[in-house]
Amino acid sequence: MGLLLRRVALALTAAALTMAALVVLTAWAALRVSWAVPDPGAMAGPSEIVDRHGTPIARFTSQLDREIVDLDEVAAEMRDAVIMAEDQRFYEHDGVDPLSLVRAVAANVRTGGIAQGGSTLTQQYVKSAFVGDERTVLRKVREAVISIQLERDVSKDEILERYLNEVYFGQGAYGVEAAAGTYFGVPAAELDAAQSATLAQLLPAPSVRNPVSDPEGARARRDALLGRLAEHGHLDDDTARQAQASDLDLAPDRRQVETQAPAFTDHVRRQLEHAFGDEVMLTGALTVRTSLDLESQQALDAVAADRLPAEEGGEGVDSAMVALQPHTGEVLAMHGGRDMGIGDFNLATMMTGRQQGSALKPFVYAAALEEGIAVPDTSRPAPSSVTIPPGDCVGHDGAPISVSGGGSGSTSVAEALVRSYNTTYQLLGCELGGERVVEQTRRMGVRNEVSTNAGVALGGTDRGASPLDMASAYGTFANDGGWCPPRTILEITGPEGAQVDLPDEVRTIPDLPRDPLDWTEEEVAEHPEWLEVLRGEQEDGDCRVATHPSIARAATTAMEDVVARGTARRADIGRPQAGKTGTTTGYVDAWYVGYTPHLSLSVWIGSPGDNESLPPLGGFSQVFGGTLPAVMWADAANAILDDVEPEPFPEPIPIDLQVPDEGPRVSPARQVPSQEPEPEPAPEATDDTEEPDAGDGWDPDGVDPAEDTEDAEEPEDPDTADHEAEDPADDPPGAGGDEEDEDDDSCLLFC
């Protein structure tokens, strides 16, 4: 025991001598070094968001900007509460308090952690205003030196005044005046004891102790502080008890962001919060230059208001649109819903629980070409209906898949895309497998998680792509196979004009790999044009090769025909363009996604809160992808491209692949006719108020079946697709189910 006591005594003596040496060193440095402490009024400010041309579009700030007040404009209860909470010996020390340091060390040793700090109020002010919060010995020494120097040159009351005007109280409120207005709607001079204690208890950790998010904890800490104030004579007992019995009585949140582009601005806000935190975003005095083109934004908003007025569709029906540049990924405009405000659900970026219908077929087409199971003119079955046994569908072990919506025989895979034949594309999707189809969509720009069930070939998913995803992925086709991640933030500068690193764009799947598609050296040597795939590569090199140019151009050629003579004629704006329509089961969702060499634009219409069929809208008795969405696309694209010279797509590159025309053999159960049908005439062109004539098996854009079939245009009953083998709502393809025994020894799909 005696030896232990001697060792403890030696340790304490060494600690005391070390502390004394540090104090002497600090004092010596303080007497010889001058430090310029910044003016508290110039330390922070709101962040401004500007469009690509520098025009302001939004301002992120707290409810109230920092306002500098004199100490006598702060209630005495507030001054006492802050000193009691942060530095009870404030008027006794000289900037650094050895006694507080000893108490902090003892408390931390006793608890085995960091129970309390030893910094004085002066040190806290210096840390926040000048030296920062880097956890290094050098920073602590500088902090102590400046604190002693400051106490030598400035009065205690002036230090307290500076601290109260600079310190952060959470909710974007810097300074006591802004905090009083933010939390209680009063000036700092009118704060009572309860309000003062509530604000003072925030100071050690404003985000954790926030009374808005943790009212019970904040009230308990407030009451404890009120008790200490009474104990030390700063409040009489009756006042303290009345304050402890009072409610928090917080003022409502009044933060508002005025902007002409709420969906776009909200997307930028989420990125800034994710990268820098709420405090920096609201008070960091950042200037954020974005990709927004204000005229393009106004075009999207005007189209939504003109073509889908609230009084016609009702409150339930809404739309979302995203326009971006394919060769840079820069988002030009974003419409996230009618009357959307900052913080509301953004239909353009956050709507991922909806299906895309036939708008996903181009990715099936691209995957089939990549895998070498087809070239554009490969003939494949296109029956009016087909039932696919589970064993014929890669990765699907559920019930047989029944699909309708095709022609009457067979056709090329390119023509089947133009005519949106479900049967052809479900057969292709089964040959590829749902995971391979989804891999293609992800590589080409769909960043949200998409279900890999068998019905994904026709857009039948319970998790789908957002309008931003669709504009981005179709932009990859427009960009000759190069995917440029969508970006909305081009440049960020700080208060002094210094460049700030750009944040990663917010994604639903933040860890999704962004590696380029790998090609062998031999392949690159044989095809030097691949090296030129990114015609407008971003300066930071963030674009990726997603698919071979020949694949992208083949898909574009087919989708040009979709506009010229297929399901998207209403989107024709008289310049080189391509696109694809999509409609989901029961006419719940209607899509059109189209592109030119300079623009990729997605349009969605539906009822975000439910799965109700779309009512008659815009002069159309039935809304599907080729009707109102295509018309809205044409209106918006015409406005955005008004000053852009038309440019043709690159010439197709022959795909050197030998694929037999007959395609995979099929079982007799599918009853697929072997003869070629007579060529079918394209439907007659119509104006915007008429429904197109239904061809024999010609599908308006694909009514995505429950997983997923599409009926012919203007069917008598939109839900008459053949699903005898399964209930689409309860047991979609890929969702499992009882597998029936197959006694047929004949060859199936993949023989």
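For the structure itself, consult the block above.
Residues numbered from 1 in each chain as written. Predicted model: local features only at pLDDT ≥ 70, side-chain atom pairs only at ≥ 80, totals over all residues. Heavy atoms only, no water.

Student: What am I meant to see in the pairing of strand 14 (residues 590-596) here?
Tutor: Put simply, side chains in a regular strand alternate between the two faces of the sheet. With seven of its seven residues buried, strand 14 lies for the most part within the structure. Going residue by residue along strand 14, you find A590, Y592, G594 and T596 tucked away on one face and W591, V593 and Y595 tucked away on the opposite face as well. Sheet topology places strand 13 (residues 578-584) next to strand 14; six bridges connect them, and they run antiparallel. Across the sheet, residue T583 finds its bridge partner in strand 14, namely A590. The turn linking strand 13 back onto strand 14 is made up of five residues, and G586 within it adopts a positive phi angle of 70°. The pairing of strand 14 with strand 15 (residues 599-606) spans seven bridges and is antiparallel. Paired with W591 across the two strands is W604, which belongs to strand 15. (Buried < 20%, exposed > 50% of the residue type's maximum accessible area, 1.4 Å probe, protein only. Helix = DSSP H or I, 4+ residues; strand = E, 2+ residues; numbered from the N terminus. Pairing = 2+ DSSP bridges.)

Student: Got a minute to help me understand the side chain of S47 in this structure?
Tutor: Topologically, S47 is positioned in strand 1 (residues 47-50). Judged by its relative accessible area of 1%, S47 falls in the buried class. Within polar-contact distance, the side chain of S47 engages the backbone oxygen of M281 at 2.8 Å. Not counting the four nearest positions on each side in its chain, S47 is found in contact with A58, R59, F60, V280, M281, L282, G284, A285 and L286. (Polar contact = N/O pair within 3.5 Å; in protein donor to acceptor, adjacent residues only side chain to side chain. Contact = heavy atoms within 4.5 Å.)

Student: I tried to follow empty space enclosed by the protein on my own but got confused; where do I start?
Tutor: Taking a probe equal in size to a water molecule and rolling it over the atoms shows the remaining empty space. Using the criterion set out here, one finds two cavities of 30 Å³ or more in the structure. Its boundaries defined by the atoms lining it, the second largest cavity holds a volume of some 30 Å³. Forming the walls of the second largest cavity are L324, Q325, P326, G329, S472, G475, T476, W483 and C484. In terms of residue count, helix 19 (residues 467-478) provides more of the lining of the second largest cavity than any other element does, three residues in total. (1 Å grid on protein atoms, 1.4 Å probe; cavity = no way out; pocket = protein on both sides within 12 Å on 5 of 7 lines; lining within 4 Å. Points joined across faces, edges and corners; volume = space filled by probe spheres on them.)

Student: I would appreciate a short explanation of the state of the cysteines in the present structure.
Tutor: By definition, a disulfide links the sulfur atoms of two cysteines through a covalent bond. All told, the structure shown has one disulfide when counted by the stated rule. For C393, the disulfide goes to C430, at an S-S distance of 2.1 Å. Of note, the bridge from C393 to C430 carries an S-S torsion of about -80° and is left-handed in sense. Residue C393 is located in the loop between strand 7 (385-388) and strand 8 (401-404), and its partner C430 is located in helix 17 (residues 422-432); the two are separated by 37 residues in the primary sequence. Grouping residues by exposure puts C393 and C430 together as buried. (Disulfide = S-S within 2.5 Å.)

Student: I tried to follow the sheet that holds strand 3 (residues 287-290) on my own but got confused; where do I start?
Tutor: Each strand in a sheet pairs with its neighbour through backbone hydrogen bonds, running either in the same direction (parallel) or in the opposite one (antiparallel). Read from one edge to the other, the open sheet built from four strands follows the order 2-1-3-11, with strand pairing classed as mixed. Looking at strand neighbours, the two that pair on one side only are strand 2 (56-60) and strand 11 (489-493), the edges of this open sheet. Averaged over all pairs of adjacent strands, the angle between strand axes in this sheet comes to 20°, irrespective of strand direction. Bridge count for strand 1 against strand 2 is four bridges, and the pairing is antiparallel. Of the residues in strand 2, the one forming a bridge with V50 is P56. Against the sheet, helix 11 (residues 262-276) contacts strand 1, strand 2, strand 3 and strand 11, and its axis sits at roughly 45° relative to strand 2. (Axes fitted to C-alpha atoms, helices over the stretch in contact; angles between N-to-C directions.)

Student: Looking at this model, I keep getting lost on a negative patch on the surface. Mind explaining?
Tutor: Residues E67, D70, D72 and E73 make up a contiguous surface patch of negative charge. Tracing the backbone through its elements, the reader meets D70 in the loop between strand 2 and helix 2 (76-86). (Patch = residues over 30% accessible without salt bridge, like charges linked within 9 Å, V, L, I, M, F, W, Y side chains within 5 Å. Areas by Shrake-Rupley, 256 points an atom, 1.4 Å probe, with all protein chains shown as cover. Salt bridge = Lys/Arg side-chain N within 4 Å of Asp/Glu carboxyl O. Lys, Arg positive; Asp, Glu negative; His and termini not counted. Charge placed at Lys NZ, Arg CZ, Asp CG, Glu CD.)

Student: For this particular structure, what's the right way to read helix 7 (residues 176-184)?
Tutor: Burial runs high along helix 7: nine of the nine residues are buried. Considered for burial, the residues of helix 7 that qualify are V176, E177, A178, A179, A180, G181, T182, Y183 and F184. Summarising the contacts, the buried residues of helix 7 are in contact with helix 2, helix 6 (156-166) and helix 8 (193-200).

Student: Can you walk me through the nonpolar core in this structure?
Tutor: Counting 94 residues, the largest nonpolar core has Y365, Y425, M559 and L601 as the members making the most contacts within it. Top element by residues in this core is helix 22 (residues 628-640). It accounts for nine residues. Every residue in contact with L601, bar those within four places of it in the chain, is listed here: L300, V322, A323, Y592, V593, G594, W633, A636 and A637. Judged by nonpolar contacts, the second largest core, of 47 residues, contains L71, L150, F169 and A178. (Core = buried A, V, L, I, M, F, W, Y, C linked by side-chain atoms within 4.5 Å.)

Student: Looking at this structure, I do not really get the packing of helix 9 (residues 215-231) against helix 10 (residues 237-245). What am I missing?
Tutor: Each pair of packed helices can be summarised by the angle the axes make with each other and by the distance between the axes. One can describe the packing of helix 9 onto helix 10 by two numbers: an axis separation of 9 Å at closest approach and a directional angle of 180°. The angle between helix 9 and helix 10 places the two elements in the roughly antiparallel class. Residue-level contacts link R219, R222, D223, L226, G227 and A230 of helix 9 to D237, A240, A243, Q244 and A245 of helix 10. Looking at the contact of helix 9 with helix 10, its residues break down into five nonpolar, two polar and four charged. (Parallel < 35°, antiparallel > 145°, perpendicular 65-115°, else oblique. Nonpolar A, V, L, I, M, F, W, Y, C, P; charged D, E, K, R; others polar.)

Student: Would you mind showing me how to read the packing of aromatic side chains here?
Tutor: When we look at a pair of aromatic rings, we describe it by the centre distance and by the angle of the planes. Taken as a whole, this structure holds ten aromatic pairs when the rule is applied. Ring plane angle 20° and centroid distance 6.5 Å describe the contact between F477 and Y595, whose orientation is recorded as stacked. Pair noted here: F477 is in helix 19 and Y595 is in strand 14, with a separation of 118 residues, a long-range link. The burial state of F477 is the same as that of Y595; both residues are buried. A centroid spacing of 6.3 Å and a plane angle of 45° characterise the contact between Y587 and F624, whose relative ring orientation is tilted. Residue Y587 is located in the loop between strand 13 and strand 14, and its partner F624 is located in the loop between strand 15 and helix 22; the two are separated by 37 residues in the primary sequence. Exposure remark for Y587: the relative accessible area of 2% places this residue in the buried category. Using a relative accessible area of 1% as the deciding quantity, one classes F624 as buried. Through successive ring pairs, a cluster of aromatic residues spans F363, Y474, F477, Y595 and F649. Positioned above the aromatic ring of F90, the side-chain terminus of K156 is 4.6 Å from the ring centre. (Phe/Tyr/Trp six-rings, centres within 6.5 Å; stacked < 30°, edge-to-face > 60°. Lys NZ or Arg CZ within 6 Å of the ring centre and 35° of its normal.)

Student: Please explain the packing of helix 2 against helix 8 as it appears in this structure.
Tutor: Remark: helix 2 packs on helix 8, axes separated minimally by 8 Å, with the N-to-C direction vectors making an angle of 35°. Seen along the crossing, helix 2 lies across helix 8 with a hand that is right-handed. Residues E77, M78, A81, V82 and A85 of helix 2 form the contact with helix 8, whose own contacting residues are A193, S196, A197, L199 and A200. When grouped by side-chain class, the residues that make up the contact of helix 2 with helix 8 number eight nonpolar, one polar and one charged. (Left-handed = near helix turned anticlockwise from the far one by under 90°.)

Student: Just checking my understanding: could you explain helix 11 for this structure?
Tutor: Two residues of an α-helix separated by three or four positions point the same way, owing to the 3.6 residues in each turn. With 15 residues, helix 11 should cover 21 Å at 1.5 Å per step; its first-to-last C-alpha distance of 20 Å lies within 8% of that length. Looking at the residues trailing helix 11, positive phi occurs at G277, about 95°. (Expected span 1.5 Å × (residues − 1).)

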